[in-house]
Every structure is written in C-alpha cells, then in structure tokens.
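Descriptive analysis of the structure
Given next are the chains, with one letter for each unit.
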Amino acid sequence: MTAPVRELRLPSEDALREFVIAQRWFGSKSKEVAHFRVLETIPLTEQPLGIAILEVEFLPGTHELYQLPIGARPEGEAAAEGVSVICTNEGMTIYDAMSDDDTARRLVRMIAAGTEIETGSGTAEFHAVGDLALPEIQDVRPMGAEQSNSSVVLDEKYVLKAYRRLGAGPNPELEILRFLTERDFPHIAALRGWYGHSGRLIDATLGIVQDFLTGATDGWDLALADLREDPQRFVARARALGEVTGRMHTALGSDGQDPAFAPEETSTEALGLITATVDEEIERMFVDLPDDLEALEPIRGRGQEVRDQLRRLTQVGSAGKVIRHHGDYHLGQVMFTADEDWVVLDFEGEPARTLIERRRKRSPLRDVAGMLRSFAYAATASELLHGAAAPEGWEQSVRTAYLDGYIEESDQSLLPPGRAAVERLLAVFELEKAVYELRYELDNRPDWVKIPVAGIARLLEPETTEPEA
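First things first, this report covers the structure right here in the doc. (Residues numbered from 1 in each chain as written. Predicted model: local features only at pLDDT ≥ 70, side-chain atom pairs only at ≥ 80, totals over all residues. Heavy atoms only, no water.)

**A few points about the packing of aromatic side chains**
Between two aromatic rings, the relevant description is the distance of the centres plus the angle of the planes. Summed over the entire model, instances satisfying the criterion amount to eleven aromatic pairs. Ring centres of Phe 375 and Tyr 402 lie 5.3 Å apart, and the angle between their planes is 80°; on these two criteria the pair is classed as edge-to-face. Taken together, the residues span a long stretch of sequence, with Phe 375 in helix H9 (residues 365–386) and Tyr 402 in helix H10 (residues 394–409) at a distance of 27 residues. Here Phe 375 falls in the buried class, since its relative accessible area comes to 0%. Each member of the aromatic cluster is reached from another via a ring pair, and the members are Phe 234, Phe 336, Trp 342, Phe 375, Trp 394 and Tyr 402. The cationic tip of Arg 183 hangs over the ring face of Phe 179; the distance from NZ or CZ to the ring centre is 3.6 Å. Just above the ring of Phe 261 sits the side chain of Arg 324; from NZ or CZ to the centre is 5.2 Å. (Phe/Tyr/Trp six-rings, centres within 6.5 Å; stacked < 30°, edge-to-face > 60°. Helix = DSSP H or I, 4+ residues; strand = E, 2+ residues; numbered from the N terminus. Buried < 20%, exposed > 50% of the residue type's maximum accessible area, 1.4 Å probe, protein only. Lys NZ or Arg CZ within 6 Å of the ring centre and 35° of its normal.)

Given below as structure tokens:
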C-alpha cells in the first residue's frame, strides 16, 4: 500500500537546532555543533505531517542522526495538551509530532497496513509481525519520562517506541525481539511491528510496536520495595530471574545457521582486548582519584594490585562462546508481571555505544555481571534513598541465588567449563563494570562512590583469586 502524501513545510535550521539540542533525547549536549541539517523527509499523510531525519555534525568531524516527527497546525488552532512546539512559521505552529496522539495512531495504522512511502532518497517501510489486526486506537499516553527514545502506550495494550538517535543498520532491539518472538520466547514483550527507512543516504530502524505489560513492576523498584518490607522475598525472585536470564541466553545462542546469531568461540585476542581496555582505564582512574573523599580509602593506592588481579582473573583457559546478548542488563531492564514472572525489556544495548558495537557478539556473562552489579546498587541505594539498610549477607544471598538459577538453565556450551571458571570470568566483567561505575559516580554522584569502591575491593579478596570448584 502506498500512502498519498504531500510535502511538509519544515522549520528553519536555526529553529530546529534550538529545539533539538534542548531535548533530553539529544545525547551530545557537551559537543560543539558545526552543522545541522535535514538529511531526509518522510511525508506521512495528506495533512502536514512527516518524519525528518536530521544530521548533526560536530567539531572535529563526527556526526549523529536523529528522528524528529514534525507536524503543523494553523497558529490559531488549539494544540493538543503536552505538544512540544518547535516554532511558528507563516501562520503555522510547527511541533514535535511524537507528542501528538494522532501521530502515534497514524504510525500504528501504517504498520498494520504494511505501508510503503517513496522518499527523495529511498523508501520508508512499515511492517507488521504476524497478523496484526489493530482496532482503532483510542487512548494514547506517554510512557514515563522521555530518555533516549520516545515511547507511548496505546490502549494499555501496545507500546510504540520511536528511536530518536539513529544508527546505520538494523537496531539490535528489533533484531533480538524478532528473533525471540519468532521462537515464542515467553519472557519478552513480543514484537508486533516496526518501521524503518532504506535508501541511498541511510538504512535505519525508526521504531517498533510491542506488547505492553499491564500491572508489571520494574525490577529496581521491586528490589527496593522488598528490602523495605521483606528482604528475603527477593532472594527467591533473584533465583527465578537467573533462570530467565539463562533461558534467554540459551535461546539467543540456539541458531547455529543464522550468521547474526550463531555462537562463536571466544578468541584469545578478544579476551586480551578486554583486559587491555580495563587495564588502561584502571591506570587512568587511580592516577586521578581525588584526595578528599573518604569513601575511596579501601582502594586508594591499590591500582597496581587491581591490575595484577585483573591479569590473574583472565587466565581462565576456555572463556566459552560469544553470542548476541542484551548488552545493558540491570534491574531497570526487567519487569515482574502480575503473574509473578520476569520479562526482559530494552534490547538496544548501551546507548553511548555505536550500533556496530551494540550488535557485536559478546560473552553472555557480561549480562550476568551487569545484573550482579545492579544487586550491589540496590543493597546500598535502599539505605541512601529510603533509610532501609539491606540485612547483612543479603547481597551475597541474592548473588548466589541468581547464579544458581542462571547456571541451571543455561546452555553450558556457551560458558567456561565449571563453576569456578564461570565465576573467574564473571569477576573480570564485574571489575570492568565497577571501574566504569566509579568514574561515573565521581563525576555525578559522589555520595554513591562507595558502591563501586566496595565492588572493586571485594574483587581483591583472596577467595576471588582462588574460587572453589
């Protein structure tokens, strides 16, 4: 189906620049913008509504692409509540159309209909997954605070997510959700459709539609609530989460014929690269530690000790296989449903990494390490945020339960042989995460520095060097 369209009147470059750099989803506020231009437009309807793909160039020569749906109304016409105005131009109010309910309805109808739109430099394609027969959408509401993307809930049944920052090639979330949906993996919000652009200037995923989880609770909020009400309750939930994580990795490593997903052996060079990268960051970090922060005392002056420990930990022999994985796995990326089951969300990977990096195969233990570090954060955040200290031994009990569940449900061929080797490689990835966290907390939340410090100090304990078999 081809939609009838007409050209959209675009804002000036200056107006677009001023609007975009003020948005939360614009991720490079600290960079100096050299040029700002509309690279491509996708007209959506006979009315003035379309999608602009913006190119932002920075000094000295890098660039980023962003998606900005744009609509226009006569200046005297009442705008919908919450619509973000870009500017006024020749009697028209021009606005960010993602904040207009009608845009979400239009996009979902086009996905269900399999619409194709010819653009100046390619084609915009809208695809349903399976038999997506949508009734007319009535209720549209934004889903929480806008971050790097924009998501809206449709009739409390579906979520439409528009990717604001774009990368060349398929978004890893689309790839992984489609892979898991086709295999009926039950612990995801299933993919229902997507839309994207292909052509001379860019091939990119623009957005997806997936199921909405009614009555589900964010894993981070759940852990903090359990710590206030019944800390031991989360131990059992952590084991169930470990089991789901193991099943997810097993599913992601299950197709040896698909080049994008087939498991591959970990090379010695790959593990050496991880070691070298972490080693370099440790060296920089320990040189720059501030002198006046007491929370740093457990690790102050121990940079060489940390680097020596890193080298010992990477002597693991076989490191298992690399697969497609979540890439940004923590308690905020999982939901506990009304049926008391875990569901995994947000398979985009770390937003700061390029699309190529996010699509790269990695050890599944990187995901596991991310979740273990999230447990450490929950244990301390409970006291910092709510004055409810985690009971002594709570974090260790949660870690053990999670790992027990994970190893029981994982395809063992993806992992290093034996629990001791698994925990040794896990320690490498936890150290990598903790060093990154330390830099972040020093820059943004000095009161939270003690969390990564405790993680680094724990990895220096003797039993970490020689884990039991």
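Structure shown, so let's carry the discussion forward.
**Notes on the sheet that holds strand E14 (residues 217–218)**
Spatially, the three strands line up as an open sheet ordered E14-E17-E18, and their pairing is antiparallel. Each edge of the open sheet carries a strand with a single partner, namely E14 and strand E18 (342–344). By the bridge criterion, two bridges tie E14 to strand E17 (residues 334–336) in an arrangement that is antiparallel. Bridging across to E17, Asp 218 finds its partner in Met 335. (Pairing = 2+ DSSP bridges.)

**A word on helix H4 (residues 219–229)**
Residues of H4 that are buried: Gly 219, Leu 222, Ala 223, Leu 224, Ala 225, Asp 226 and Leu 227. The elements touched by buried residues of H4 are E14, helix H5 (233–252), E17, E18, H9 and H10. One side-chain oxygen of the residue at the start of H4 lies 2.8 Å from the amide nitrogen of Trp 220, identifying that residue as Asp 218. (Contact = heavy atoms within 4.5 Å. Polar contact = N/O pair within 3.5 Å; in protein donor to acceptor, adjacent residues only side chain to side chain.)

**Observations regarding the environment of Ser 148**
Checked against the element boundaries, Ser 148 lands in the loop between strand E8 (140–142) and strand E9 (149–154). For Ser 148, a relative accessible area of 33% translates into the label partly exposed. Counting along the chain gives 39 residues from Ser 148 to Arg 109, while the straight-line C-alpha distance between them is 24 Å. Aside from chain neighbours lying at most four places away, what touches Ser 148 is Trp 25, Arg 164 and Arg 165.

**Brief notes about the nonpolar core**
Counting residues in each nonpolar core, the largest one holds 115 residues, and the members touching the most others are Leu 160, Phe 234, Phe 375 and Leu 438. Looking at this core, the element that brings in the most residues is helix H11 (residues 419–444), giving eleven residues. Not counting the four nearest positions on each side in its chain, Phe 375 is found in contact with Phe 234, Ala 238, Leu 241, Leu 331, Trp 394, Glu 395, Val 398, Arg 399 and Tyr 402. If you look at the next biggest cluster of nonpolar residues, it comprises 20 residues, including Leu 16, Ala 52, Leu 54 and Phe 58. (Core = buried A, V, L, I, M, F, W, Y, C linked by side-chain atoms within 4.5 Å.)

**Side note on the pairing of strand E13 (residues 204–211)**
Counted residue by residue, E13 has seven buried out of eight residues, so it is predominantly covered. Direction of pairing for strand E10 (residues 158–163) relative to E13: antiparallel, over a ladder of five bridges. Along E13, the bridge assignment pairs Leu 160 with Val 209. Two elements, strand E12 (residues 191–199) and E13, share six bridges in a ladder whose sense is antiparallel. In the sheet register, Gly 193 faces E13, and the bridge partner there is Val 209. Taken together, E12 and the strand that follows it, E13, pair antiparallel across an intervening segment of four residues.

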